[in-house]
Every structure is written in structure tokens, then in C-alpha cells.
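Chain by chain, the residues run as shown.
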Amino acid sequence: MISTYLAMQNAILARNMAVSRMMQNSGLMLSGLSFGNSQPLQPSFAGADIFELQNKADETKITVYKKLEEELSKALKWHINNSTPKFGGVDYKA
């Protein structure tokens, strides 16, 4: 039961790290844009492509970690239900 809880906490931490990385990358992308006469004439698509690919990878990680977190919380609920006696019900043996 403890390992399930720790795995769930690890999934939550990894999901939060992916969200943080997405926010940081967005901030860096916006701070790197310059509008005005000093803007170079050649487009820099490489930075935008890396940004998009990293965002897609982070979105996939977030989706996977959310599913993992849901499944681990179900497993934790099952472990808690199995390890605690059911007082007042049909089976109240310790």
C-alpha cells in the first residue's frame, strides 16, 4: 500500500514538473521574441519547432501521468478497503 502511495506521489511530481517545464518554455519563447527594427530578417523556425515538439512531448507526459495517477488512486482505494475491517456491515471481522 505504501509503494502504491509513493508511486502516485511520484506521478504527481512528474506531472507537475512537465507543467512547469511547459510554462518555463512558454516564458522563454515569449521573452525571446523581439518586435521592432532590431528583428533579424531571417526567420528562426528551429526554435519554434523545438518549442512545439517539447510542448507535444510534455502534453503526452501529462496525459500519461494523469491516467497513471487515476489508476494508482483506484489501487490505493482498493488496498485501503481490503486492509480495514468493515464495522457495521455484513463482514465485521478484524
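Residues numbered from 1 in each chain as written. Predicted model: local features only at pLDDT ≥ 70, side-chain atom pairs only at ≥ 80, totals over all residues. Heavy atoms only, no water.

Of the regular secondary structure elements, the protein chain holds two helices and zero strands. Split into buried and exposed, the 94 residues of the protein chain put 16% on the buried side. Counting only contacts in the protein chain whose residues sit at least 6 apart along the sequence, the fraction spanning at least 24 positions is 86%. Taken as a whole, the protein chain presents about 7700 Å² of accessible surface, with 63% of it coming from carbon and sulfur. (Helix = DSSP H or I, 4+ residues; strand = E, 2+ residues; numbered from the N terminus. Buried < 20%, exposed > 50% of the residue type's maximum accessible area, 1.4 Å probe, protein only. Contact = heavy atoms within 4.5 Å. Areas by Shrake-Rupley, 256 points an atom, 1.4 Å probe, with all protein chains shown as cover.)

The subject of this paragraph is a nonpolar patch on the surface. A cluster of nonpolar side chains, namely Ile2, Tyr5 and Leu6, defines an oily patch on the protein surface of about 330 Å² accessible area. Looking at Leu6, the relative accessible area reads 52%, which means it is exposed. (Patch = residues over 30% accessible without salt bridge, like charges linked within 9 Å, V, L, I, M, F, W, Y side chains within 5 Å. Salt bridge = Lys/Arg side-chain N within 4 Å of Asp/Glu carboxyl O.)

Turning next to the side chain of Thr4. One can find Thr4 in helix α1 (residues 2-32). For Thr4, a relative accessible area of 10% gives the class buried. Look past the residues within four positions of Thr4 in its chain and what remains in contact with it is Leu72, Ala75, Leu76 and His79.

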